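A structural walkthrough
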Amino acid sequence: MKEDRFLTKGINPSKFHKISHIAIVVLVLVGFVWLSVHLIGLELDFGTLFQYRNRLWQGFLMTILISVGSLVVSLFIGLIAALGQEYKVLFLQYFCKTYVQIIRGTPLLVQIYFFYYIIGTAWGINNRYIAGIVILSLFEGAYIAEIIRGGIQSIDRQKYEIAISLGLTSYQTFRFVTFPLVLSRIIPALAGQFSSIIKDSSLLSVIAVIELTQTTQEISADNFRMFENYIFVGFLYFLLTFAVTTLSKKWEKRFHYERRI
Amino acid sequence: MNVEFKAISKYFQDQTALENVNFHDDVSSLAIIGPSGGGKSTLLRIMGGLISPSHGELLVDGRQLRFDRKSLQAYHKKVGFVFQSNGLFEHMTALENVTLPLVQSLGMDRKEAVHIADSLFERFGLHDQRSKHPYQMSGGQQQRVSIARAVSVKPVLLLLDEPTSALDPEYTADVLDMLRELQKEGLKTMIVTHEMGFAKHACEKLLFLSHHTVVEYGYSNDVFKNPKTHELQSFLDLVLEWKV
Ligand SMILES: Nc1ncnc2c1ncn2[C@@H]1O[C@H](COP(=O)(O)OP(=O)(O)OP(=O)(O)O)[C@@H](O)[C@H]1O
Ligand SMILES: [Mg+2]
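Here is what the cut-offs are and how they apply
Every chain is numbered on its own, with residues counted from 1 as its sequence reads. Lettering for chains starts from A, numbering for ligands starts from 1, and both go in the order in which the items are written. Whole-chain, interface and lining totals are the exception, using all residues; otherwise, since this is a predicted model, local features are given only for residues with pLDDT of at least 70 and side-chain atom pairs are given and counted only at 80 or more. Water and hydrogen atoms play no part in the side-chain values, which are based on all heavy atoms of the structure. A run of DSSP states H or I qualifies as a helix once it reaches four residues; a run of E qualifies as a strand once it reaches two. Both are numbered from the N-terminal end. Note on method: radius of gyration uses C-alpha positions; expected globular size equals 2.2 Å times residues raised to 0.38. Burial here depends on accessible area, computed with a 1.4 Å probe over protein chains only, as a share of the maximum for the residue type. Under 20% is buried, over 50% is exposed, and the range in between is partly exposed. The contact definition used throughout considers only heavy atoms, calling two residues in contact when any of these lie within 4.5 Å. Any Lys or Arg side-chain nitrogen located within 4 Å of an Asp or Glu carboxyl oxygen qualifies as a salt bridge. Within 3.5 Å is the distance limit for a polar contact, defined as a pair of N or O atoms, with the added protein rule that one can donate a hydrogen and the other accept it, and that residues adjacent in sequence qualify only through two side-chain atoms. Basically, the charged four are Asp, Glu, Lys and Arg, the nonpolar ten are Ala, Val, Leu, Ile, Met, Phe, Trp, Tyr, Cys and Pro, and anything else, Gly included, counts as polar. Patch definition: residues with relative accessible area over 30% and no salt bridge; like charges joined within 9 Å; nonpolar side chains (Val, Leu, Ile, Met, Phe, Trp, Tyr) joined within 5 Å. Areas reported here follow the Shrake-Rupley algorithm with a probe of radius 1.4 Å; residue values treat only the protein chains shown as occluding. Residue ranges labeled as domains rest on an automatic or database domain assignment. In this text, near means that some heavy atom of the residue lies within 4 Å of the molecule or strand in question. For the purposes of this section, nonpolar cores are sets of buried Ala, Val, Leu, Ile, Met, Phe, Trp, Tyr and Cys residues that join through side-chain atoms within 4.5 Å. Strands are labelled as partners when DSSP assigns at least two bridges between them. Between N-to-C directions, angles cover 0 to 180 degrees, with each direction set by a line fitted to C-alpha atoms, over the stretch in contact for helices. Our angle categories are set so that under 35 degrees counts as roughly parallel, over 145 as roughly antiparallel, 65 to 115 as roughly perpendicular, and the remainder as oblique. Stacked, tilted and edge-to-face are the three classes assigned to paired rings of Phe, Tyr and Trp, where Trp is represented by its six-membered ring and a pair needs centres within 6.5 Å; plane angles under 30 degrees give stacked, over 60 edge-to-face, the rest tilted. Charges are assigned to positions over rings by a cutoff of 6 Å between ring centre and Lys NZ or Arg CZ, combined with an angular limit of 35 degrees from the ring normal. Here is the rule for handedness: rotate from the far helix to the near one, and if that takes an anticlockwise turn smaller than a right angle the crossing is left-handed, while a clockwise turn gives right-handed.

**Topic: the overall build of chain A**
For chain A, the count of helices and strands is nine helices and zero strands. Helices and strands in chain A line up, N terminus first, as α-α-α-α-α-α-α-α-α. The C-alpha atoms of chain A give 23 Å as radius of gyration, which overshoots the globular expectation for 261 residues (18 Å, by more than 25%). Based on the C-alpha atoms only, the size of chain A along its principal axes is roughly 70 × 60 × 30 Å. Split into buried and exposed, the 261 residues of chain A put 35% on the buried side.

**Thoughts on the interface of chain B and chain A**
On the chain A side, the residues contacting the 28 residues of chain B number 26 residues. Summed over the shared surface of chain B and chain A, the result is three salt bridges. Note that R185(A) and E90(B) form a salt bridge whose closest N and O atoms lie 2.6 Å from each other. At the boundary of chain B and chain A, one finds 11 residue pairs in polar contact (both at pLDDT 80 or more). Listing elements by their share of the side of chain B that touches chain A, those giving two or more residues are α2 (69–76), β6 (79–82), α3 (94–104) and α5 (139–152) of chain B. Split by residue class, the side of chain B that touches chain A holds 12 nonpolar, 12 polar and four charged.

**Here's the deal with a nonpolar patch on the surface**
Residue and element names in this part refer to chain A. Together, L109, Y113, F114, Y117, I118, I119, W123, I125, I130 and V134 make up an exposed nonpolar region whose accessible area comes to about 980 Å². Sorting the residues of the nonpolar patch by element identifies α4 (108–122) and α5 (128–153) as the ones contributing at least two each. Looking at which element gives the most residues to the nonpolar patch, the answer is α4, with six residues. Relative to the elements of secondary structure, V134 occurs in helix α5.

**Here we look at the domain arrangement of chain A**
Its domain assignment divides chain A into domain 1 (1–43) and domain 2 (52–260). The distance between the C-alpha centroids of domain 1 of chain A and domain 2 of chain A comes to 31 Å.

**Side note on the site of ligand 1**
All names here are of chain B. As a matter of local geometry, ligand 1 sits amid 13 residues, with S36, G37, K40, S41 and T42 nearest to it. Between ligand 1 and S36, the relevant distance is 2.6 Å, taken from an oxygen atom to a side-chain nitrogen or oxygen of the residue. Contacts to ligand 1 include S41, whose side-chain N or O atom sits 2.7 Å from an oxygen atom. Compared with its free state, where it exposes 630 Å², ligand 1 has 67% of that area covered by protein. A breakdown of the residues in the shell around ligand 1 according to their chemical character gives three nonpolar, eight polar and two charged.

**Comments concerning the nonpolar core**
Counting residues in each nonpolar core, the largest one holds 76 residues, and the members touching the most others are F5(B), M47(B) and L58(B). A total of 10 residues in this core trace back to one element, the largest contributor, which is helix α7 (residues 170–200) of chain A. What M47(B) contacts, discounting residues up to four positions off in sequence, is V3(B), F5(B), L58(B), V60(B), Y75(B), L157(B), L159(B) and M190(B). Counting 40 residues, the second-largest nonpolar core is a separate cluster that includes A31(B), A94(B), V98(B) and I191(B).

**Structural notes on the sheet that holds strand β7 (residues 157–161) of chain B**
All names here are of chain B. If you walk across this open sheet you meet the six strands as β6-β7-β8-β3-β9-β10, and the pairing is mixed. A strand with exactly one partner marks an edge of an open sheet, and here the two such strands are β6 and β10 (213–219). Neighbour-to-neighbour, the strand axes of the sheet open up by a mean angle of 15°, direction not taken into account. Across four bridges, strand β3 (residues 29–33) lies against strand β8 (residues 188–192) in parallel orientation. By the bridge assignment for β8, S29 is matched with T189.

**Comments concerning the packing of α7(A) against helix α9 (residues 226–255) of chain A**
Residue and element names in this part refer to chain A. As a packed pair, α7 and α9 sit with axes 9 Å apart at the nearest point and diverge in direction by 175°. In terms of orientation, α7 and α9 fall into the roughly antiparallel class. Every residue of α9 that contacts α7 at S184, I187, P188, A191, F194, S195, I198 and K199 is listed here: Y237, L240, T241, V244, T245, S248, W251, E252 and F255.

**Some thoughts on the packing of aromatic side chains**
The tally for this structure, following the rule as stated, stands at 12 aromatic pairs over all chains. Relative to F83(B), the ring of F81(B) lies with its centre 4.7 Å away and its plane at 45°, an arrangement referred to as tilted. According to the relative accessible area criterion, F81(B) is buried, its value standing at 6%. An aromatic cluster is present here, built from Y113(A), Y116(A) and Y117(A) joined pairwise through their rings. One Lys or Arg, R53(A), reaches over the ring of F50(A) and ends 4.2 Å from the middle of that ring. K205(B) extends its terminal NZ or CZ atom over the ring of Y219(B), reaching a point 4.8 Å from the ring centre.

**Quick word on the sheet that holds strand β4 (residues 55–60) of chain B**
Residues and elements named next belong to chain B. Read across the open sheet, the four strands follow the order β2-β1-β4-β5; overall the sheet is antiparallel. Where the open sheet ends on each side, the last strands, each with one partner, are β2 (15–26) and β5 (63–64). In this sheet, β2 lies alongside strand β1 (residues 2–12) in antiparallel orientation, the contact comprising eight bridges. Residue pairing for β2: Y11 is matched across the bridge by T16. With respect to the sheet, helix α1 (residues 40–47) is in contact with β1, β2 and β4, its orientation differing from that of β1 by roughly 120°.

**Remarks on the pairing of β6(B)**
Residues and elements named next belong to chain B. With burial as the criterion, each face of β6 is covered, one bearing V79 and F81 and the other bearing G80 and V82. Of the pairings in the sheet, the one linking β6 to β7 comprises four bridges and is parallel in character. The residue of β7 that forms the bridge with V82 is L160.

**Describing the packing of α3(B) against α5(B)**
All names here are of chain B. Close contact between α3 and α5 brings their axes to 8 Å; oriented N to C, the two are set at 20°. Here α3 lies roughly parallel to α5, going by the angle between them. The two elements α3 and α5 cross, and the hand of that crossing is right-handed. Listed contacts from α5 to A94, N97, V98, P101 and L102 of α3 are V145, R149 and S152.

See the structure below:
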């Protein structure tokens, strides 16, 4: 078969080739931003942010804490909602399907207001941080449920027949076959979802959870340097998501078992 | 091993796969041949306890096989299965694939399981494959690891569903040689195959399955020499047309 001429599969560029092309990309991007800033006569001074370093650091940590907390809880919710959709008790099946449908069909901002001010108030949940993590987890859990469901469906029937023929119990089949196979296949999608969690957590600022974005808003009210503040905070978010992507690439390589069909 | 199929039928939704299959004999080495879609895989999967029949009974050594997971678990320690292709777990190395049933189903300790696996690898020329994942092996090597895994638990009967049909000719010979050796050691086999040479020379009995039921059965030599039905005659003419 002929290689696709537009895809790089099988082509191996040299190191110099790679570095020079990375340089081109960086140059173009930086140049474009610099030009834009210059055109509107903006003078950026990031030095003023230095005095807020403690608050930024606190906000940064809070964003990490909320994101990791939400990741754990949403994985749990997602797993239940994924399995629940296949479960034989109809009531549970419909419940899980409805949950996924509604959450995926409405904006996070609306959900935050609704859950915090109506549900949260009604049931006396006052802690913003706990409420924040729960709301974010409910939101991301619906997406994770779909990722997990897709992973389970990608496993062909023969894998289960092999497990049966080897005399494995249902539990052993789950532990040694289904779970590792599903995990290896959904790691890239899960990593992408984790990046979304990190970015989505910024919306929790609307219920005054003092994470990175809320911190930035407060600082802006103090120093009136919106542009510097938000560019810098964007850079911090990027640091986090970039770390997640890099880690996931490593894992992906490790858990990638080529399938021959 | 005494096997009896009593009026077994299998339907998938409205699709008939087997219709009133009857068979009763001591199996030592049996080849199953027949046209595509005739129900060979379905018959073998019922025999292997992978799917249950829609109607009828299966008796093994005079005892009715019950198709619930618990009863089947004991059965699977006596009856191994080799799939046409992709029969290994892709996330495990050859060694892990082979030791999995030893440790998990038989409850053997890991060291002993590794020892058994290694001696099988040694014997079948697979020792340099032990740490490889399936995608790093050729199809023939994968099939031989599959067979090694199936026989590692010392089953009485080994079922193979077209184990060589996805392989190049030189790998086919490797796999068939390995099977022949196991048969000589007393392993009972039931194999669905398109390798007529193997069916004729390496299998004692032959079963011709067509249109979802048994059309002919007997000693391989006899059946090949004197096909009784027009159906088998034309099937053989067809598959042997291009043989040298
Ligand atoms: N899971 C299934 N769902 C629906 N129909 C099926 C299923 N498995 C088998 N069948 C049908 O049952 C019939 C017998 O299939 P089977 O796989 O046993 O044939 P076979 O003799 O093994 O054919 P081949 O030589 O092509 O492997 C076919 O018509 C097939 O389409
Ligand atoms: Mg078949």
